[in-house]
Amino acid sequence: MKRVYVNEKWCLGCHLCEYNCAFANSGCDDMVKALKDVQIYPRIQIEQGNGINFAVNCRHCEEPLCVKSCITGALSVQDGVIHVDQDKCVGCYTCILVCPYGAVMPGPTGGVVQKCELCTNNSSGEPACVKGCPNRAIVFEER
Amino acid sequence: MNYVIIGNSAAAVGCVEGIRSIDKTGSITVISDEPHHVYSRPLISYLLYGKTDREKMKYRPDDFYEKNSVTALFGVTAEKVDYEAKKVVLNNGSSVAFDKLLFATGSSPFVPPMEGLDTVPKKFSFMKLDDAMALEEAIGPQSRVLIVGAGLIGLKCAEGIRGKVRELTVVDLAPRILPSILDEEGSDMVQKHIEKQGITFHLGTSVARFGAEKAELKNGETVEFDVLVLAVGVRPNTALAAEIGCKVNRGIVSDEHCRTNLDGIYAAGDCSESYDITEDQYRVLALWPNAYMQGETAGIDMAGGNQLYDKAIPMNAIGFFDLHVITAGSYAGEAYVTRTEDTYKKLITKDNLLKGFILIGEIARAGIYTSLIREKTPLDTVDFELIRERPQLMAFAAPERAVKLGGAKA
Ligand SMILES: Cc1cc2nc3c(=O)[nH]c(=O)nc-3n(C[C@H](O)[C@H](O)[C@H](O)COP(=O)(O)OP(=O)(O)OC[C@H]3O[C@@H](n4cnc5c(N)ncnc54)[C@H](O)[C@@H]3O)c2cc1C
Ligand code: SF4
Ligand code: SF4
């Protein structure tokens with residue numbers, strides 16, 4: 001299955017992927033309106049330090065601990081993509097307890113969680129983070 | 001092949017999905033004494049709190065049984081297992097034949113003898129959907145509720161009904177709340193937060209006797225109440241398994257394939273014991289994720305596949321009135337503690353391993369810590385100073401990051 005993979009040495013740490021993610025998931029078609037002066041809650045997050053940068057998002061694990069652990073059944077596998085039903089989620093954070101990558105996080109309202117769904121849940125069509133990365137430091141492909 | 005599962009909760013669903021990942025055609029029968037489609041047990045408090053409803057708390061969609069070709073018998077109790085004849089005898093007079101059988105029977109509330117308890121008209125356990133609905137019927141804005149038990153179940157119940165009743169008091173023999181998952185400092189912090197919601201605690205004491213609408217405590221105080229919730233403890237449902245000669249300690253003993261000592265008989269979830277790799281011993285790990293994963297392992301094994309359940313650890317994600325707590329592992333070892341006004345963090349290390357942690361208030365990316373425990377990652381292979389500050393993948397060596405994020409083979 002195609003996933004988002006990191007080419008660590010090409011990452012500039014510019015955070016564009018975070019902005020593109022927040023925009024793609026905002027449901028808004030004007031980037032300025034969607035992102036100006038608001039705290040963003042991207043589902044992909046940059047780690048930085050000592051000249052190293054890389055982006056982290058859900059790995060869409062073959063053995064997804066989050067899905068197996070979710071107490072409500074809100075997390076499920078849909079054609080290989082790990083999907084969260086935010087309507088069902090109660091924000092117990094069991095998935096945050098078990099995800100080895102730290103790739104699930106509370107959403108903007110805090111009540112329920114959000115995660116990368118490879119833009120299958122919005123109108124971007126393909127991962128917006130990858131589309132907008134200026135240096136191919138993240139790619140969407142089979143490996 | 002005839003698969004039979006006694007119980008219809010996390011472990012049972014794990015087993016069904018485990019079987020069907022391998023065997024698409026064998027016959028599966030689920031026996032459930034509860035008359036409901038599979039629901040999430042932990043959500044019974046969220047139901048009262050108003051954070052979910054009967055529809056959303058279904059753990060799997062309505063067509064779950066049909067899609068997986070499962071015959072589900074609701075409101076039917078398995079009374080006895082005939083191991084020689086390979087059948088389960090039901091309380092409705094019929095029986096179901098099996099080749100492979102899973103005990104996924106969970107646990108039942110344990111109520112110690114208490115003087116005058118039988119004179120209390122409105123008393124409830126808090127384990128099942130029917131308990132929650134009966135409790136909801138019994139309470140109203142003028143109710144004074146007494147909860148006996150300041151563990152996970154008692155306190156989740158308290159959170160669920162706080163907004164619906166006038167007074168809420170919690171009594172526990174233990175000197176602090178949630179003693180099985182928190183240390184003293186953590187218990188204290190969470191207790192203060194819960195107290196701010198107008199919940200009163202009497203700890204380190206117990207009920208000496210119940211009288212008409214009141215409980216006299218051993219410490220001399222009296223609590224007036226009209227509705228009582230008993231959440232003192234639970235006991236694994238092991239009787240059926242013990243009767244046929246399954247080895248039972250506190251729970252049914254099962255190995256890393258979730259097989260019991262009897263051929264073709266499996267046990268998973270709250271009725272069974274798991275090997276806790278942080279304590280190096282078998283114990284009951286009464287948690288939803290463990291139940292699912294044990295059930296899945298059992299199902300795969302029953303269907304002839306191979307899966308090991310060999311990384312079990314105690315772990316909890318729990319929240320009260322928007323204060324989130326995540327804990328895992330065991331707490332004997334060297335502690336590293338940081339505390340702010342509304343957050344608390346404790347990491348416990350021993351023999352070059354992370355053994356356990358407690359996070360209160362700040363829980364972001366906690367799973368990175370959990371995975372260090374589960375994978376027994378030697379701490380000298382990661383930048384522990386870095387990861388101690390905050391869970392992060394940066395603390396792993398570059399080749400390890402290439403595996404985690406770059407798709408490199410391990
Ligand atoms: C209020 C509450 C809150 C909780 N919160 C959390 C939480 O936040 N996180 C977490 O990880 N865990 C939580 N738990 C624990 C979690 O619910 C259990 O670990 C989990 O339900 C165990 O699943 P199981 O499949 O082993 O058994 P159970 O869920 O106990 O189900 C067993 C089923 O088998 C049935 N049964 C038993 N014997 C028979 C028989 N002879 N014939 C027919 N049917 C039978 C029982 O009636 C029951 O329906 C909570 C529990 C409670 C009560
Ligand atoms: S959220 Fe975490 S555990 Fe779940 S699939 Fe993504 S990376 Fe894996
Ligand atoms: S926070 Fe939501 S998605 Fe995560 S385990 Fe709890 S219910 Fe499932």
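Residues numbered from 1 in each chain as written. Chains lettered and ligands numbered in written order. Predicted model: local features only at pLDDT ≥ 70, side-chain atom pairs only at ≥ 80, totals over all residues. Heavy atoms only, no water.

K.L.:
I'd like to hear about the overall build of chain A, residue by residue, with values.
P.N.:
Counting its secondary structure elements, chain A contains five helices and eight strands. Its C-alpha radius of gyration of 15 Å places chain A within 12% of the 15 Å reference for a compact globule of 143 residues. Reported as C-alpha extents along the three principal axes, the dimensions of chain A are approximately 40 × 35 × 30 Å. Across the 143 residues of chain A, 57% fall into the buried class. A separation of at least 24 residues holds for 56% of the contacts in chain A among residues at least 6 apart in sequence. Summed over its atoms, the accessible surface of chain A is roughly 6500 Å², and 50% of this surface lies on carbon and sulfur atoms. Separation of charge centres in chain A, based on 13 positive and 15 negative side chains, amounts to 3 Å. (Helix = DSSP H or I, 4+ residues; strand = E, 2+ residues; numbered from the N terminus. Rg over C-alpha atoms; globule rule 2.2 N^0.38 Å. Buried < 20%, exposed > 50% of the residue type's maximum accessible area, 1.4 Å probe, protein only. Contact = heavy atoms within 4.5 Å. Areas by Shrake-Rupley, 256 points an atom, 1.4 Å probe, with all protein chains shown as cover. Lys, Arg positive; Asp, Glu negative; His and termini not counted. Charge placed at Lys NZ, Arg CZ, Asp CG, Glu CD.)

K.L.:
So what about the site of ligand 1? Which residues, and what values?
P.N.:
Residue and element names in this part refer to chain B. Surrounding ligand 1, one finds 34 residues, the nearest of these being Ser-9, Asp-33, Glu-34, Arg-41 and Asp-270. Contact between ligand 1 and Arg-41: an oxygen atom at 2.7 Å from a side-chain N or O atom of the residue. In the complex, 94% of the free accessible area of ligand 1, which totals 1000 Å², lies under the protein chains. Per-element accounting of the shell around ligand 1 gives the leading share, three residues, to helix α8 (residues 288-302). (Near = heavy atom within 4 Å. Polar contact = N/O pair within 3.5 Å; in protein donor to acceptor, adjacent residues only side chain to side chain.)

K.L.:
With reference to specific residues and values, describe the site of ligand 3.
P.N.:
Every residue near ligand 3 is listed here: Cys-70, Thr-72, Leu-75, Cys-89, Val-90, Gly-91, Cys-92, Tyr-93, Thr-94, Cys-95 and Val-113 of chain A. Here the shell around ligand 3 is composed, by residue class, of eight nonpolar, three polar and no charged. (Nonpolar A, V, L, I, M, F, W, Y, C, P; charged D, E, K, R; others polar.)

K.L.:
Residues and numbers for the domain arrangement of chain A, please.
P.N.:
Residues and elements named next belong to chain A. Under the domain assignment used here, chain A contains domain 1 (1-57 + 121-143) and domain 2 (60-115). Inter-centroid distance (C-alpha atoms) of domain 1 to domain 2 is 19 Å. Contact residues are listed per partner, giving eight residues for domain 1 and 12 residues for domain 2. Here domain 1 meets domain 2 over a buried area of about 840 Å², counting both sides, of which 55% is carbon and sulfur. Across the domain 1-domain 2 interface, the total number found is one salt bridge. Of the charged contacts, one joins Glu-62 and Arg-3 as a salt bridge, the two residues approaching to 3.8 Å between their closest N and O atoms. Inspection of the region where domain 1 meets domain 2 yields two residue pairs in polar contact (both at pLDDT 80 or more). (Domains from an automatic or database assignment. Buried area = accessible area lost by both parts, 1.4 Å probe. Salt bridge = Lys/Arg side-chain N within 4 Å of Asp/Glu carboxyl O.)

K.L.:
Requested: an account of the interface of chain A and chain B, with residues and values cited.
P.N.:
Taken together, the contact pairs 35 residues of chain A with 43 residues of chain B. Carbon and sulfur atoms supply 58% of the area that chain A and chain B bury against each other, a total of about 3200 Å² over both sides. It is Lys-68, Ile-71 and Leu-97 of chain A in chain A that bury the most area against chain B; as a group they hold 22% of the surface buried on that side. At the junction of chain A and chain B, the tally comes to three salt bridges. Glu-296 of chain B is the partner of Lys-68 of chain A in a salt bridge, and the nearest nitrogen-oxygen pair spans 2.8 Å. Our enumeration of links across chain A and chain B arrives at 17 residue pairs in polar contact (both at pLDDT 80 or more). Of all the elements in the fold, those that place two or more residues in the side of chain A that touches chain B are β1 (3-6), β2 (45-49), β3 (52-56), α3 (65-69) and α4 (94-98) of chain A. Looking at the side of chain A that touches chain B residue by residue, the class counts come to 19 nonpolar, eight polar and eight charged.

K.L.:
A description of helix α1 (residues 16-24) of chain A should follow, citing residues and the corresponding values.
P.N.:
Turning to α1 of chain A, its buried residues number three or more, namely Cys-17, Glu-18, Asn-20, Cys-21, Ala-22 and Ala-24 of chain A. The elements touched by buried residues of α1 of chain A are α2 (31-35), β2, β3, α5 (128-132) and β8 (138-141) of chain A.

K.L.:
So what's going on with the sheet that holds strand β26 (residues 353-360) of chain B? Which residues, and what values?
P.N.:
Residue and element names in this part refer to chain B. Pairing is antiparallel across the open sheet formed by five strands, whose spatial order is β22-β23-β26-β25-β24. Sheet topology places β22 (315-320) and β24 (334-339) at the edges, where each strand pairs with a single neighbour. If you compare each strand with its neighbour and ignore which way they point, the axes differ by 15 degrees on average. Looking at chain direction, β22 and strand β23 (residues 323-329) are connected through six bridges and run antiparallel. Bridge pairing in β23 places Ala-317 opposite Ile-326. Set on the sheet, helix α9 (residues 366-374) makes contact with β22, β23, β25 (344-350) and β26; between it and β26 the angle comes to about 155 degrees. (Pairing = 2+ DSSP bridges. Axes fitted to C-alpha atoms, helices over the stretch in contact; angles between N-to-C directions.)

K.L.:
Tell me about the side chain of Thr-72 of chain A, and name the residues and values.
P.N.:
In this fold, Thr-72 of chain A is placed in the loop between α3 and β4 (75-78). By relative accessible area, Thr-72 of chain A is classed as buried at 2%. When sequence neighbours within four positions are dropped, the list of residues in contact with Thr-72 of chain A reads Lys-88, Cys-89 and Val-90 of chain A together with Ser-40, Leu-43, Lys-58 and Tyr-59 of chain B.

K.L.:
Talk me through the packing of helix α1 (residues 10-20) of chain B against α8 of chain B; I want residue IDs and the actual numbers.
P.N.:
Residues and elements named next belong to chain B. Put simply, α1 and α8 touch, their axes get as near as 6 Å, and they point 35 degrees apart. As for how α1 packs across α8, the hand of that crossing is right-handed. Each of Ala-10, Ala-11, Val-13, Gly-14, Cys-15, Glu-17, Gly-18 and Ile-19 in α1 lies in contact with α8, whose residues at this interface are Trp-288, Ala-291, Tyr-292, Gly-295, Glu-296, Gly-299, Ile-300 and Met-302. Among the residues forming the contact of α1 with α8, the class breakdown is 10 nonpolar, four polar and two charged. (Left-handed = near helix turned anticlockwise from the far one by under 90°.)

K.L.:
Can you break down the packing of aromatic side chains residue by residue, with the values?
P.N.:
Residues and elements named next belong to chain B. Evaluation of the coordinates by the stated rule reveals seven aromatic pairs over all chains. With a centroid separation of 4.9 Å and an interplanar angle of 90 degrees, the aromatic rings of Tyr-59 and Trp-288 are classed as edge-to-face. Taken as a pair, Tyr-59 in the loop between α2 (44-49) and α3 (64-67) and Trp-288 in helix α8 lie far apart in primary sequence, 229 residues in all. Its relative accessible area of 10% is what places Trp-288 among the buried residues. Counting every residue linked through ring pairs, the aromatic cluster contains Phe-64, Tyr-65 and Phe-74. (Phe/Tyr/Trp six-rings, centres within 6.5 Å; stacked < 30°, edge-to-face > 60°.)

K.L.:
Run through the domain arrangement of chain B, naming residues and quoting values.
P.N.:
All names here are of chain B. Domain parsing of chain B yields domain 1 (2-108 + 235-302), domain 2 (117-232) and domain 3 (322-404). Centre-to-centre, using C-alpha coordinates, domain 1 lies 32 Å away from domain 3. On the side of domain 3, seven residues touch domain 1, which itself brings four residues to the contact. Summed over the shared surface of domain 1 and domain 3, the result is zero salt bridges. Counting every contact that joins domain 1 to domain 3 gives one residue pair in polar contact (both at pLDDT 80 or more). Here the side of domain 1 that touches domain 3 is built from residues that sort into one nonpolar, one polar and two charged.

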